[in-house]
Amino acid sequence: MAYIEFKNVTKEYYIEEDTKTALKNISFKIKKGEITLIKGANGSGKTSILNLIASFDKATNGDILVDKISLNTLKGKTSSKYIREYIGFVSYDNELINDMTILENTILSLNLLKEEFDTENYIQKLGLEDKLNYFPSELSESERIKASLLCVICKNPKVLLCDEIFLKMNEKDKKQVVKVLKELASKNKLTILITANEDAKFSFVKQTLTLKDGEIITGKSNSKSKITRKVTTKAKAKGGKK
């Protein structure tokens, strides 16, 4: 059953007298607890999808459902409530409060949560235990993105939107983040969407959607390809042919 569903969604932006179509009649489904990669060139519509799911923007046509909630119906307080309870958004351009330490930023996020969260576990897994008393300006770009991710997951969202977070991240930090994302998806059933450039290849994602000029040109499930390879291998081992 789909947790996130786009139904024939079009998004247009109106700039002065011009109309820019960011998304053209796209449809796709994502299950709860899945990690999905959305990749494409700059301007292909990747961030527009995240903004629509986050309810930061509204679709021009079509419908978007998140946990059976039609985002087209959200306005004012209902939109704010949805964003607060459902959405975690992290981008390569981190949104930490610069005059607060990483620990203070984290505590601020935890104050928004009404339940317990295993913060220390994720501080260690993200390799930030020695950076808690640092200010954002004292960290590398890669470390700032990890700190932003920590603050967002401390809010315990139901949907995590990661916009180009691996763009400026070194390999060591990337491995730490991937491990955390996989744990959040499997253990917490967190639904995660990650955007990246058109050359990105992530083996840990469940589904990959490739965008070009606002349209989905390919969409595949990584799990299906693995199952197919397994069945084919067994058939060959038995000498079977099709």
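This text goes with the structure placed above it.
Reference entry: report on the structure contained in this document. (Residues numbered from 1 in each chain as written. Predicted model: local features only at pLDDT ≥ 70, side-chain atom pairs only at ≥ 80, totals over all residues. Heavy atoms only, no water.)

1. Looking at helix α6 (residues 171–187)
Right, so step 1: If you check α6, its first and last C-alpha atoms are 24 Å apart, about what 17 residues at 1.5 Å a residue would give, namely 24 Å.
Right, so step 2: For α6, every residue scored as buried is listed here: D173, Q176, V177, V178, V180, L181, E183, L184 and A185.
Right, so step 3: Contacts made by the buried residues of α6 are with β3 (35–39), α4 (119–125), α5 (141–153), β7 (159–163) and β8 (191–196).
Right, so step 4: Here α6 starts with a cap whose side-chain oxygen sits 3.2 Å from the backbone nitrogen of K172, and that cap is N170.
Right, so step 5: Positioned one or two residues after α6, K189 has a phi angle of 55 degrees, which is positive. (Helix = DSSP H or I, 4+ residues; strand = E, 2+ residues; numbered from the N terminus. Expected span 1.5 Å × (residues − 1). Buried < 20%, exposed > 50% of the residue type's maximum accessible area, 1.4 Å probe, protein only. Contact = heavy atoms within 4.5 Å. Polar contact = N/O pair within 3.5 Å; in protein donor to acceptor, adjacent residues only side chain to side chain.)

2. Some details on the side chain of N105
Right, so step 1: Looking at where N105 falls in the secondary structure, it is placed in helix α3 (residues 102–110).
Right, so step 2: Apart from the residues within four sequence positions on either side, N105 is in contact with L96, I97, M100, P136 and C151.

3. Notes on the packing of α3 against α5
Right, so step 1: The interhelical angle for the contact between α3 and α5, taken along N-to-C directions, is 25 degrees, at an axis separation of 8 Å. Judged by the angle between their axes, α3 and α5 are roughly parallel. Here α3 runs over α5; the crossing is right-handed. Residue-level inspection shows I102, N105, T106 and S109 of α3 in contact with α5, the latter providing A147, L150 and C151.
Right, so step 2: Of the residues belonging to the contact of α3 with α5, the class tally is four nonpolar, three polar and no charged. (Axes fitted to C-alpha atoms, helices over the stretch in contact; angles between N-to-C directions. Parallel < 35°, antiparallel > 145°, perpendicular 65-115°, else oblique. Left-handed = near helix turned anticlockwise from the far one by under 90°. Nonpolar A, V, L, I, M, F, W, Y, C, P; charged D, E, K, R; others polar.)

4. Some details on empty space enclosed by the protein
Right, so step 1: Under the criterion given, the structure shown has one cavity of 30 Å³ or more.
Right, so step 2: Size it by volume and the largest cavity reaches roughly 30 Å³.
Right, so step 3: Lining the largest cavity are L52, S55, D57, K58, A59, I64, L71 and N72.
Right, so step 4: Grouping the amino acids of the lining of the largest cavity by side-chain chemistry returns four nonpolar, two polar and two charged. (1 Å grid on protein atoms, 1.4 Å probe; cavity = no way out; pocket = protein on both sides within 12 Å on 5 of 7 lines; lining within 4 Å. Points joined across faces, edges and corners; volume = space filled by probe spheres on them.)

5. Some remarks on the pairing of β8
Along any regular strand the residues' side chains alternate between the sheet's two faces.
Right, so step 1: The element β8 is largely enclosed, with a buried count of six among its six residues.
Right, so step 2: The alternating pattern of β8 places T191, L193 and T195 on one face and I192, I194 and A196 on the opposite face, and all of these are buried.
Right, so step 3: Bridge analysis of β3 against β8 gives five bridges, and the strand direction is parallel. For T36, the partnering residue across the bridge sits in β8 and is L193.
Right, so step 4: Relative to β8, β7 is paired through five bridges, and the arrangement is parallel. Bridge assignment links L161 to a residue of β8, and that residue is L193. (Pairing = 2+ DSSP bridges.)

Shape is all these values report; function is a separate question.
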